[in-house]
Amino acid sequence: MIRHLLNPLDFSVEEIDALLDLSDDIQKRPEAYAHVCDGKKLATCFYEPSTRTRLSFESAMLRLGGSIMGFQSANSSSAAKGESVADTSRVISCYADIMAMRHPKEGAPLVASRVATIPVINAGDGGHQHPTQTLTDLLTIRSLKGRLDDLTIGFCGDLKFGRTVHSLIEAMVRYPNVRIILISPQELKVPSYIREDVLRGNNIPFEEVNSLDDALPKLDILYMTRVQKERFFNEEDYIRLKDSYILTSEKMKLAKKDMWVLHPLPRVNEISVEVDDDPRAGYFKQVQYGVYVRMALIMTLLGVKKPC
Ligand code: NCD
């Protein structure tokens with residue numbers, strides 16, 4: 001059976017542990033992995049802008065010895081001529097061994113997976129999910145904090161449209177003793193399925209608050225996010241909400257000494273650049289972890305064994 005990654009819950013907690021262990025091993029001895037995907041081809045099908053996700057997938061496949069192909073925008077693919085995602089998926093299945101797809105419409109990678117004859121990875125679908133960013137975040141948290149349980153995590157910014165937030169919350173509620181603080185303006189609160197089904201449904205202690213300053217001292221992880229301009233229906237709302245939260249060095253004084261600041265990036269201005277020099281700034285480390293975890297994911301979905 002072909003295995004896809006469409007939602008963070010497509011992998012069990014045990015499978016995620018194994019994937020993170022494999023990522024750690026790749027980080028320790030990258031040379032052992034340099035040819036494990038020789039001859040394999042990854043297609044990146046991106047209908048929406050991306051820097052990190054696409055290039056980290058490409059970097060991951062190249063580091064495994066495989067090769068890459070793909071398109072970077074809907075305009076440069078046959079989508080511009082009206083081709084459906086399903087047809088494109090059938091076609092890509094003839095060219096590549098594995099495909100990563102980003103699309104502005106929720107569910108597009110799922111549609112692609114139904115007709116694909118190769119593994120499909122959801123590289124972000126609209127305001128819905130972003131499971132490979134979640135794997136990146138899990139590896140980052142486990143590496144920096146040494147655990148995935150017993151943590152208080154604050155999510156701050158655009159919790160309505162931020163797909164990385166939705167995916168990471170879904171993944172984190174499976175670990176014991178996780179507490180969540182949702183910090184956002186009223187208009188950008190999490191969608192109700194996250195509040196009701198994911199948080200209440202799993203009996204997770206959580207609060208929805210407005211003030212970052214009040215939440216900061218309680219947190220082990222602060223997950224900052226950008227206000228998702230491209231998903232707003234009108235520009236006035238975006239302009240009104242875009243500067244709701246700005247993390248500064250002054251505010252960092254309120255945080256624990258061992259709190260980590262994460263951000264899926266790109267950052268606009270929600271973390272001032274002065275915070276980059278704070279030893280608790282983890283967002284550029286997160287980028288590096290994203291490559292290791294995508295290497296592990298490609299190997300896992302292709303059924304490539306860990307080298308001795
Ligand atoms: C995120 C995304 O695309 O959802 N970026 C990423 O993949 N690291 C976050 C964002 O765009 O704000």
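What you see is a predicted model, and the numbers here were worked out from it, not measured in a lab.

**Brief notes about the overall build of the protein chain**
- Along the protein chain, the regular secondary structure elements total eleven helices and nine strands.
- In terms of overall dimensions, the protein chain has C-alpha extents of about 55 × 50 × 40 Å along its principal axes.
- When each of the 308 residues of the protein chain is scored for burial, the buried share is 56%.
- Considering only intrachain contacts with a sequence separation of at least 6, the fraction spanning at least 24 residues in the protein chain is 75%.
- Counting only carbon and sulfur atoms, one obtains 52% of the accessible surface of the protein chain, whose full area is about 13,200 Å².
- Each charge class in the protein chain can be summarised by its mean position, and for the 39 positive and 41 negative side chains these summaries are 3 Å apart.

**Observations regarding the domain arrangement of the protein chain**
- Under the domain assignment, the protein chain is made up of domain 1 (8–129 + 288–302) and domain 2 (132–286).
- With 34 residues of domain 1 at the contact, the number on the domain 2 side is 28 residues.
- Counting the surface lost from both domain 1 and domain 2, the interface buries some 2,400 Å², and carbon and sulfur atoms represent 54% of this.
- Among the ionic pairs, Glu48 bridges to Arg231, the shortest N-O distance being 3.0 Å.
- If you look at where domain 1 meets domain 2, you find 18 residue pairs in polar contact (both at pLDDT 80 or more).
- Of all the secondary structure elements, the ones that give two or more residues to the side of domain 1 that touches domain 2 are helix 1 (13–28), helix 2 (52–63), strand 3 (98–103), strand 4 (120–125) and helix 11 (283–302).
- The element best represented in the side of domain 1 that touches domain 2 is helix 1, accounting for eight residues.
- Residues that form the side of domain 1 that touches domain 2 fall into these classes: 14 nonpolar, twelve polar and eight charged.

**Thoughts on the pairing of strand 4**
- Burial analysis of strand 4 places six of its six residues in the buried class, the great majority of the element.
- Bridge count for strand 3 against strand 4 is four bridges, and the pairing is parallel. Counterpart to Met99 in the pairing with strand 4 is Val120.
- Between the parallel elements strand 3 and strand 4, the chain passes through helix 4 (residues 108–115) in a crossover that is right-handed.

**A short note on the nonpolar core**
- Of all hydrophobic cores here, the largest spans 62 residues; its most connected members are Phe155, Ile169 and Met172.
- Each of domain 1 (8–129 + 288–302) and domain 2 (132–286) accounts for three or more of the residues forming this core.
- Setting aside anything within four residues of it in sequence, one finds Ile169 in contact with Phe155, Ile180, Leu182, Val190, Ile194, Val198 and Leu199.
- Counting 20 residues, the second largest nonpolar core, distinct from the first, contains Leu216, Leu222, Met224 and Val275.

**With respect to the site of the ligand**
- As a matter of local geometry, the ligand sits amid Thr53, Arg102, His130, Gln133, Arg163, Thr164, Arg226, Gln228, Pro264, Leu265 and Pro266.
- Thr53 places a side-chain nitrogen or oxygen 2.8 Å from an oxygen atom of the ligand.
- Take Arg163: an N or O atom from its side chain is 2.8 Å from an oxygen atom of the ligand.
- The fraction of the free accessible surface of the ligand (320 Å²) that becomes covered by protein chains is 94%.
- Classifying every residue of the shell around the ligand gives three nonpolar, five polar and three charged.

**Concerning the sheet that holds strand 8 (residues 221–224)**
- Within the open sheet, the five strands sit side by side as 7-6-5-8-9. Their pairing is parallel. Across the chains shown, the open sheet's two edge strands, defined by having one partner strand only, are strand 7 (206–209) and strand 9 (260–262). Within the sheet, the average angular offset between the axes of one strand and its neighbour, ignoring direction, is 15°.
- Relative to strand 9, strand 8 runs parallel, the two being bridged by three bridges. Across the sheet, residue Ile221 finds its bridge partner in strand 9, namely Trp260.

**Concerning the packing of aromatic side chains**
- Within this structure, the stated rule accounts for five aromatic pairs.
- Residues Phe155 and Tyr223 carry aromatic rings whose centres are separated by 5.5 Å and whose planes lie at 50° to one another, so their mutual orientation is tilted. Within this pair, whereas Phe155 is found in strand 5 (residues 151–156), its partner Tyr223 is found in strand 8, the two being separated by 68 residues in sequence. The same class applies to Phe155 and to Tyr223, which are both buried.
- When the centroid spacing of 5.8 Å and the interplanar angle of 70° are considered together, the rings of Phe232 and Tyr238 count as edge-to-face.
- Ring pairs connect the aromatic residues Phe161, Phe232 and Tyr238, which therefore count as one cluster.
- A cation over a ring is seen here: Arg294 above Phe57, with NZ or CZ 5.0 Å from the ring centre.

Rules used throughout
Residues numbered from 1 in each chain as written. Predicted model: local features only at pLDDT ≥ 70, side-chain atom pairs only at ≥ 80, totals over all residues. Heavy atoms only, no water. Helix = DSSP H or I, 4+ residues; strand = E, 2+ residues; numbered from the N terminus. Buried < 20%, exposed > 50% of the residue type's maximum accessible area, 1.4 Å probe, protein only. Contact = heavy atoms within 4.5 Å. Areas by Shrake-Rupley, 256 points an atom, 1.4 Å probe, with all protein chains shown as cover. Lys, Arg positive; Asp, Glu negative; His and termini not counted. Charge placed at Lys NZ, Arg CZ, Asp CG, Glu CD. Domains from an automatic or database assignment. Buried area = accessible area lost by both parts, 1.4 Å probe. Salt bridge = Lys/Arg side-chain N within 4 Å of Asp/Glu carboxyl O. Polar contact = N/O pair within 3.5 Å; in protein donor to acceptor, adjacent residues only side chain to side chain. Nonpolar A, V, L, I, M, F, W, Y, C, P; charged D, E, K, R; others polar. Pairing = 2+ DSSP bridges. Right-handed = clockwise from strand over helix to strand, strands pointing away. Core = buried A, V, L, I, M, F, W, Y, C linked by side-chain atoms within 4.5 Å. Near = heavy atom within 4 Å. Axes fitted to C-alpha atoms, helices over the stretch in contact; angles between N-to-C directions. Phe/Tyr/Trp six-rings, centres within 6.5 Å; stacked < 30°, edge-to-face > 60°. Lys NZ or Arg CZ within 6 Å of the ring centre and 35° of its normal.

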